[in-house]
Structures are given as structure tokens and as C-alpha cells.
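An overview of the molecular structure
Single-letter residue listing:
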Amino acid sequence: MSEKNLAQAIREQMKSQGKRFWAGDNISEFVDEEQKEVLINEATQAFEQVLDTLLIDRETDPNSHGTARRLAKMYFNEIMAGRYDPAPDATAFPNDSQDRYEGMLVVRSELRSMCSHHHQPVTGVAYIGIIAAEKLIGLSKYTRIAQWCARRGTLQEELCNDIAREIEKATGAKDLGVYIQAVHGCCENRGIMAHSSLTQTTVLKGAFKEDGNTKKEFFDNIKLQQEFAPR
Ligand SMILES: [Zn+2]
């Protein structure tokens, strides 16, 4: 390894620019595709050291042979991809004609995330509701945005806020709600080892917060969705 590796250089660059780089933050403007490959190599070496410290024989155990590299790639390209990838392209279409859609839209998005405390899986579903504003985005984009926020080290409470903020940005909607229910690996696989660790979080903005009927319509829609696709 050289004196100063790339990860160190990028960390210093972010610090000098006052850029926060917590587990749940997107840092895509500091890491391009080429740099990501170098970082995967650096992380592979670091994971090799962790395996060595855990006294796992990387040389003769065939199942542990490529594990350091598999872990490095998995972190960058899969379970934490939302930190290194830029926001998904969510082209907006105008919704400002005479017959514009003014109703509520509720989208159910499957979520896979990871808790930033223990790096254990978080599995669940987000219900994203908006009252359509001046623009609309494709239905699949809601899930792409939610997944982009989720594929980081997260806290469910923060994730709920992040999704609400990004949906607001992409759609311009001021009236919106995000409800997440998820099970947490860190409760099921360690610590209290509870097999039903269902956690629910809700963020409501605008009419979803202030108008009882809108709020009720949102949660009624969630119930209908759950009857249709229970989990
Ligand atoms: Zn945890």
C-alpha cells in the first residue's frame, strides 16, 4: 500500500470542503467510477486484515479465499451503493393542464437497507404518498429513489426523512407522507434476538400532517395495499 491511499486522500478532501460523510450520506461527487475500483482494491486489503485478525485461514479455506474481495465489492456496489451512486434520474413530466391529476398517489416500495450501528440487514417496505403537484415522475422512480436512500448505512428514522426529502425534491410535492415498516437484523440476529422486530416510522408533511382526511386517506390506502400484498 502506498504512503497515502486513495480513501485517505478523499477523506481529507471532504473534510477540507466541510462535506459530511456519515454512513447515510451520499458522497457521489467525490468518487468517480475509476476511483471506486481503486477503493474496492483498498477495501479488499483492509478486509483481508480483518479476516486475519479473526484468525480465519484465507489461504486453505476455499470458502474464505475470495471473501475479502467479495465483501469489498458488495459494500461499494450493492449494500452501500446509495452512498457512491448519484441520484437516480427521475425525469419529471408536467402536470399543469386543465385535466391535471389532483388526487393522492400511494406507491409501495420494497426496501433493503443496513443499520449503520451493526451493519445488519434491514428489510421492509416504504409507502410513499403524495398529492400530485405541478409535475409527475414515473411510478418506478419512487422505488428507485427510496432504494437509493436505503442502500447506505441507515437508521430507519433518518431513512424515512431522507426518502421524504428526495421525493419532495423530485416531484415538487409539498403534501406528502412516508411510512416505513421494517424488520431489523440487529434485533433478530444479535442482542435481544427477537424474531419479530417490526419497526414503524412515519413522516408527514403539508396536508398529510395538517388535514385529518388526507392523513386518513393515506393510511386507508396503506391498509388496502397491505391486504393486496401482505408481508
Ligand atoms: Zn443495528
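Here the structure is shown first, and the text comes after it.
Computed from a predicted model, the values in this text were never measured in an experiment.

**Topic: the state of the cysteines**
Tallied over the entire structure, the rule returns zero disulfides. Not engaged in a disulfide, the cysteine C187 finds its nearest cysteine sulfur in C186; these two sulfurs lie 4.5 Å apart. Residue C187 is classed as partly exposed on the basis of its relative accessible area of 23%.

**Points about the packing of aromatic side chains**
Tallied over the full model, the rule gives six aromatic pairs. Among the aromatic residues, ring-to-ring pairing joins Y127, Y179, F208, F218 and F219 into one connected group. One Lys or Arg, R20, reaches over the ring of W22 and ends 3.8 Å from the middle of that ring. The aromatic ring of W148 is capped on one face by R152, whose charged end is 4.5 Å from the ring centroid.

**Describing the side chain of Q181**
Looking at where Q181 falls in the secondary structure, it is placed in strand 6 (residues 176-184). Under the relative-accessibility criterion, Q181 is labelled buried at 8%. Within the structure, Q181 has its side chain in polar contact with the side chain of Q226 (distance 3.2 Å).

**Digging into the packing of helix 2 (residues 33-53) against helix 3 (residues 67-79)**
At a closest axis distance of 8 Å, the pairing of helix 2 and helix 3 adopts a crossing angle of 135°. For the element pair helix 2 / helix 3, the angle class is oblique. Crossing hand, helix 2 versus helix 3: right-handed. In contact with K36, L39, I40, N41, A43, T44, F47, E48 and L51 of helix 2, helix 3 contributes T67, A68, R69, L71, A72, K73, Y75, F76 and N77.

Procedures and definitions
Residues numbered from 1 in each chain as written. Predicted model: local features only at pLDDT ≥ 70, side-chain atom pairs only at ≥ 80, totals over all residues. Heavy atoms only, no water. Disulfide = S-S within 2.5 Å. Buried < 20%, exposed > 50% of the residue type's maximum accessible area, 1.4 Å probe, protein only. Phe/Tyr/Trp six-rings, centres within 6.5 Å; stacked < 30°, edge-to-face > 60°. Lys NZ or Arg CZ within 6 Å of the ring centre and 35° of its normal. Helix = DSSP H or I, 4+ residues; strand = E, 2+ residues; numbered from the N terminus. Polar contact = N/O pair within 3.5 Å; in protein donor to acceptor, adjacent residues only side chain to side chain. Axes fitted to C-alpha atoms, helices over the stretch in contact; angles between N-to-C directions. Parallel < 35°, antiparallel > 145°, perpendicular 65-115°, else oblique. Left-handed = near helix turned anticlockwise from the far one by under 90°. Contact = heavy atoms within 4.5 Å.

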